[in-house]
Amino acid sequence: MKKGLFITFEGADGCGKTTQLNRLADYLTPAKAIIKTREPGAKGLGEKLREILLNYDGEIAPRCESFLFLADRAQHIEQIVKPAINEGKIVLCDRHTDSTVAYQGYGRGLDLNEINYLNNLATGGLKPDLTIVFDVDIETSMTRVGTEKDRMETAGIEFFNRVRNGYLEIAKQEPERVKVLNAAKSIDEVFSDLLNIIKPLI
Ligand code: TMP
């Protein structure tokens, strides 16, 4: 039986989600049992897949890219997320299924039904209790990313606008699970908005 809480942090590169995740983890620890984790590349095999996904300099076809993210997810769910939830922990996860919908679906143009089906296979049907989308215009987020870009970050402004719209579409379709925060605000303001969403849950 599920006892813990599974919260995912989503948004386009440079949206500030990792900063907020770390800050929330610091805020909740040690009163709550927290684990911080991420996709891709939480540990072990995942780290190897992350290295390929972010740094491989040859061609990766969009469907292959999806399968690599999904392989990382399947391992991550079994090895880290499910055990932690079963122990009653709060799992703060930097990216999860919605990244594949936004990036490979809306961004790369793969079929959304196909992605949803594959996501479900990779997770065994486990869904986040809450997902926060950190939304900011792409010009701002790309400025935050800076000039040292990884393989995904070089995809271009049009790609990232599709990713952003994808996230907003997901939030429209699942308003109970997915909350959108205005991540153009200052770090302190975004954190205060984040706490307003999190506090009633914990
Ligand atoms: P990040 O750890 O800096 O968020 O980088 C992970 C990158 O991988 C980011 O560009 C988003 C991308 N990504 C996908 O395209 N699909 C996915 O399913 C996941 C989890 C990440």
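Our subject is the structure that appears above.
Residues numbered from 1 in each chain as written. Predicted model: local features only at pLDDT ≥ 70, side-chain atom pairs only at ≥ 80, totals over all residues. Heavy atoms only, no water.

This paragraph deals with the overall build of the chain. Counting secondary structure elements, the chain contains 8 helices and 5 strands. Sequence-ordered secondary structure for the chain, helices as α and strands as β, is β-α-β-α-α-β-α-α-β-α-α-β-α. Its C-alpha radius of gyration of 16 Å places the chain within 12% of the 17 Å reference for a compact globule of 202 residues. In terms of overall dimensions, the chain has C-alpha extents of about 45 × 35 × 30 Å along its principal axes. Split by element, the accessible area of the chain, about 9,900 Å² in all, is 51% carbon and sulfur. Each charge class in the chain can be summarised by its mean position, and for the 27 positive and 30 negative side chains these summaries are 5 Å apart. (Helix = DSSP H or I, 4+ residues; strand = E, 2+ residues; numbered from the N terminus. Rg over C-alpha atoms; globule rule 2.2 N^0.38 Å. Areas by Shrake-Rupley, 256 points an atom, 1.4 Å probe, with all protein chains shown as cover. Lys, Arg positive; Asp, Glu negative; His and termini not counted. Charge placed at Lys NZ, Arg CZ, Asp CG, Glu CD.)

Moving on to the sheet that holds strand S1 (residues 5-10). Spatially, S2-S3-S1-S4-S5 is the arrangement adopted by the 5 strands of the open sheet, whose pairing is parallel. Of all strands in the sheet, those with a lone pairing partner are strand S2 (34-38) and strand S5 (178-182), marking the two edges. For this sheet the average axis-to-axis angle between neighbouring strands, irrespective of direction, equals 20°. Here helix H3 (residues 62-86) sits on the sheet and contacts S1, S2 and strand S3 (90-94); the angle it forms with S2, its principal contact strand, is near 160°. (Pairing = 2+ DSSP bridges. Axes fitted to C-alpha atoms, helices over the stretch in contact; angles between N-to-C directions. Contact = heavy atoms within 4.5 Å.)

Right, let's get into the pattern of salt bridges. Side-chain pairs of opposite charge can arise whenever the charged atoms involved come near each other. Scanning the entire structure with this criterion turns up 16 salt bridges. For arginine 73, the salt bridge goes to glutamate 39, with nearest N and O atoms at 2.5 Å. Of this pair, arginine 73 sits in helix H3 while glutamate 39 is found in the loop between S2 and helix H2 (45-55), placing the two residues 34 residues apart along the sequence. Through salt bridges that share partners, Asp98, Lys127, Glu174 and Arg177 make up one connected network. (Salt bridge = Lys/Arg side-chain N within 4 Å of Asp/Glu carboxyl O.)

Our focus in this paragraph is the nonpolar core. Ala12, Tyr103, Met152, Phe159, Phe160, Val163 and Tyr167 are the most contacted members of the largest nonpolar core, which totals 24 residues. Every element with two or more residues in this core is listed here: H2, H3, helix H4 (97-107), helix H6 (138-145) and helix H7 (157-173). The biggest single contributor to this core is H7, with 6 residues. Dropping the residues within four chain positions of it, methionine 152 is found in contact with Leu53, Leu54, Glu65, Phe69, Tyr103, Gln104, Arg108, Phe159 and Phe160. Counting 22 residues, the second-largest nonpolar core is a separate cluster that includes Leu5, Leu181, Ala183 and Val190. (Core = buried A, V, L, I, M, F, W, Y, C linked by side-chain atoms within 4.5 Å. Buried < 20%, exposed > 50% of the residue type's maximum accessible area, 1.4 Å probe, protein only.)

With that settled, consider the environment of threonine 147. Note that threonine 147 resides in the loop between H6 and H7. Sequence-wise, threonine 147 and aspartate 72 are 75 residues apart; in three dimensions their C-alpha atoms are separated by 27 Å.

For the rest of this paragraph, the subject is the packing of aromatic side chains. One pass over the structure, following the stated rule, counts 5 aromatic pairs. Ring centres of phenylalanine 9 and phenylalanine 134 lie 5.8 Å apart, and the angle between their planes is 15°; on these two criteria the pair is classed as stacked. Note that phenylalanine 9 is positioned in strand S1 and phenylalanine 134 in strand S4 (residues 130-135), a separation of 125 residues in sequence. In this structure phenylalanine 134 comes out as buried when scored by relative accessible area, which is 2%. With a centroid separation of 5.9 Å and 75° between ring planes, the pair formed by tyrosine 27 and phenylalanine 191 is classed as edge-to-face. (Phe/Tyr/Trp six-rings, centres within 6.5 Å; stacked < 30°, edge-to-face > 60°.)

Below, the discussion takes up the site of the ligand. Surveying the vicinity of the ligand reveals 14 residues, the closest of which are Asp13, Arg50, Arg95, Thr100 and Gln104. With respect to the ligand, the side chain of threonine 100 contributes an N or O atom lying 2.6 Å from an oxygen atom. Glutamine 104 places a side-chain nitrogen or oxygen 2.8 Å from a nitrogen atom of the ligand. With the chains in place, 93% of the 480 Å² that the ligand exposes on its own is no longer accessible. Elements with a minimum of two residues in the shell around the ligand: H2, H3 and H4. Of the residues forming the shell around the ligand, the biggest block, 4 residues, is contributed by H4. Per-class residue counts for the shell around the ligand are 5 nonpolar, 3 polar and 6 charged. (Near = heavy atom within 4 Å. Polar contact = N/O pair within 3.5 Å; in protein donor to acceptor, adjacent residues only side chain to side chain. Nonpolar A, V, L, I, M, F, W, Y, C, P; charged D, E, K, R; others polar.)

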